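A look at the structure
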Amino acid sequence: MSDSLRLREEKNCLNCGHYIADIYCSQCGQPNIKPDITLADLLRDFFHVITHFDGKFFQTLRVLFTRPGFLTRAYLDGKRRQYLPPVQMYVFTSALFFFIFYSFIVNIPSAVKEVANSSSVMKADDSSPEFYINVSDSTLQDTYKTSEEYIQYQNGLSKEKKDDYITRLIKISELKITNRISKNRNEAIQQLIQSYLNNFPKLLFLSLPLMAAILSMIFYRNKSFSYVSHLIFLLHLYNFTLIALLIGYLFAQLNTWTSWSIFNWLLLTTQLWIFYYGYKSMRNLYQTSKWKGRLQYLLFLFSGAIIMCLLLFGGIIFTVISA
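Here's a quick rundown of the structure. (Residues numbered from 1 in each chain as written. Predicted model: local features only at pLDDT ≥ 70, side-chain atom pairs only at ≥ 80, totals over all residues. Heavy atoms only, no water.)

1. Considering the nonpolar core
The cut-off we apply is this: As used in this record, nonpolar core signifies buried Ala, Val, Leu, Ile, Met, Phe, Trp, Tyr and Cys residues forming a set joined through side-chain atoms within 4.5 Å. A simple rule labels every residue: compare its accessible area, found with a 1.4 Å probe on the protein chains alone, to the largest value its type can have, and call it buried under 20%, exposed over 50%, or partly exposed in between. Put simply, DSSP marks the helices as runs of H or I at least four residues long and the strands as runs of E at least two long, and each gets a number from the N terminus on.
If you look at the biggest cluster of nonpolar residues, it comprises 47 residues, and the most contacted ones within it are Leu64, Leu215, Phe233, Leu234, Met282, Tyr286 and Phe300. Elements supplying a minimum of two residues to this core: α1 (39–66), α2 (70–76), α3 (86–105), α7 (185–198), α8 (200–218), α9 (227–258), α10 (261–286) and α11 (290–321). Per-element accounting of this core gives the leading share, ten residues, to α9.

Written out as structure tokens, the structure reads:
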């Protein structure tokens, strides 16, 4: 049954209450049809969502790969209807990437078991774990078997003699980990590694606003770009990078299955393409000269490497503290 045969005689929108002069509400866009739902309606909505998303996704993907920097420029200029929004595409792309990453590239259960079993740094023994802390007001070394004992001791000290906040976090975490390792070394290491790997997508997402701040500093003289503009550029750049990494993984797997050297060359080309694409996108969007653009891109890569190292280190600290 077509929508024209199900039109309501009333002229008030069921969604927002606005007056409807024609078939669609000028306020919210909802059609003025009877609210009864049929199976055909559900099927039509389902196929519309699938085809609408697929059409926009592949159109966006095609432009993203063939015209570096164009999507960001088009989005900032208001040409958005025919392309998938950058946030929506990032959510889909990152979900796809990490699904494949954790399912095929790095299998968390097997990875943590392998690392835990091969680790020879920490060895469990039958003795109780002891952790010695040098107290600032005494030359004696007190032994704390649990974090609760250490906290209780610290609470009994005066404000001047207490450890600072960071020191307390580190010592409490060390006590917790020592106790857990003494009970089951492999299980404790597995839990720490699994917790860290599970937090990796969050670290990648957290890098977005930090890298946008870096771009704001690099292009601080260009007043036509706001902080949000840099963020949109990074969303498109991250989308391309994640998909290109998946393509590189496919070439690596094909090389493993066939032993054909052509796939090694394609993998190398993909990796180089990722770096060149970032440079080309930045130049096309920010309209910089060749040499200035190269220096800015190198500064961007160097700053990004530092930020990622800090985030990875912070992720380790957070995992240890929250263990």
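2. What about the pattern of salt bridges?
Pairing between side chains of opposite charge can happen when the charged atoms of each approach one another. Which entries qualify depends on this criterion: Each salt bridge in this description consists of a side-chain nitrogen of Lys or Arg and a carboxyl oxygen of Asp or Glu lying within 4 Å of one another.
Within the structure shown, the criterion is met by one salt bridge. The shortest N-O distance in the salt bridge between Asp77 and Arg73 comes to 3.3 Å. Given the relative accessible area of 46%, Asp77 is considered partly exposed. A relative accessible area of 32% means that Arg73 is categorised as partly exposed.

3. What about the environment of Arg221?
Here Arg221 is to be found in the loop between α8 and α9. The exposed category is assigned to Arg221, whose relative accessible area is 69%.

4. Description of a nonpolar patch on the surface
Using the following cut-off: Surface patches are drawn from residues lacking salt bridges whose relative accessible area is over 30%; two like charges belong together within 9 Å, two nonpolar side chains (Val, Leu, Ile, Met, Phe, Trp, Tyr) within 5 Å. Computed by Shrake-Rupley with a 1.4 Å probe, the accessible areas treat only the displayed protein chains as cover when residues are assessed.
On the surface, Trp260, Ile262, Trp265, Leu266, Leu268 and Leu272 cluster together to form a nonpolar patch covering roughly 640 Å² of accessible area. Position of Trp265 among the secondary structure elements: in helix α10. We classify Trp265 as exposed; its relative accessible area is 56%.

5. Section: the packing of α8 against α9
Between two packed helices, what matters for the description is the angle formed by their axes and the separation of those axes. Put simply, the rule reads: Axis lines are fitted to C-alpha atoms, over the contacting stretch for helices. Their N-to-C directions set the angle, which ranges from 0 to 180 degrees. Should an angle fall under 35 degrees it is taken as roughly parallel, and over 145 as roughly antiparallel, whereas 65 to 115 is taken as roughly perpendicular and any remaining angle as oblique. Throughout, a crossing is termed right-handed when the near helix is turned clockwise from the far one, and left-handed when it is turned anticlockwise from it by less than a right angle. Two residues qualify as a contact provided that any one of their heavy atoms is within 4.5 Å of a heavy atom in the partner residue.
Running from N to C, α8 and α9 point in directions that differ by 130 degrees, and their axes come no closer than 9 Å. Accordingly, the angle class assigned to the pair α8 and α9 is oblique. Judged by the sense of rotation from one axis to the other, the crossing of α8 with α9 is right-handed. Packed against α8, whose contacting residues are Leu204, Ser207, Leu208, Pro209, Met211, Ala212, Ala213, Leu215 and Ser216, the element α9 presents Tyr227, His230, Leu231, Phe233, Leu234, Leu235, Tyr238 and Leu242 at the interface.

6. So, the packing of α3 against α8
Note the following rule: Residues were grouped as follows: Ala, Val, Leu, Ile, Met, Phe, Trp, Tyr, Cys and Pro as nonpolar; Asp, Glu, Lys and Arg as charged; and all remaining residues, including Gly, as polar.
Between α3 and α8, the least distance of the axes is 11 Å, while the angle of their chain directions is 145 degrees. Note that α3 runs across α8; the crossing there is right-handed. Residue-level inspection shows Tyr90, Phe98 and Tyr102 of α3 in contact with α8, the latter providing Phe200, Pro201, Leu204, Phe205 and Leu208. Looking at side-chain class alone, the contact of α3 with α8 contains eight nonpolar, no polar and no charged residues.

7. A look at the side chain of His236
With respect to the element layout, His236 can be found in helix α9. Once residues lying within four places of it in the same chain are set aside, the contact partners of His236 are Leu64, Leu71, Thr72 and Pro86.

8. Considering the side chain of Thr93
For clarity, the cut-off: For this analysis, a polar contact is any N or O atom pair within 3.5 Å, provided that within protein one partner can donate a hydrogen and the other can accept it, and provided that sequence-adjacent residues contribute only side-chain to side-chain pairs.
Mapped onto the secondary structure, Thr93 falls in helix α3. The exposure class assigned to Thr93 is buried, which follows from its relative accessible area of 3%. Looking at Thr93, its side chain comes within polar contact range of the main-chain oxygen of Met89, at 2.7 Å. In this view, Thr93 contacts Asn239, Leu242 and Ile243; residues no more than four positions away in its chain are not counted.

9. Description of the layout of surface pockets
Threshold: A 1.4 Å probe that fits but cannot get out identifies a cavity on a 1 Å grid over protein atoms alone, an open set with protein on both sides within 12 Å along at least five of seven lines counts as a pocket, and a residue lines either if it has an atom within 4 Å of a point. Grid points are joined across faces, edges and corners, and a volume is the space filled by probe spheres set on the points.
Taken as a whole, the largest pocket spans an internal volume of roughly 690 Å³. If you list the elements that add at least two residues to the lining of the largest pocket, you get α8, α9, α10 and α11. Split into classes, the residues belonging to the lining of the largest pocket amount to 16 nonpolar, five polar and no charged.

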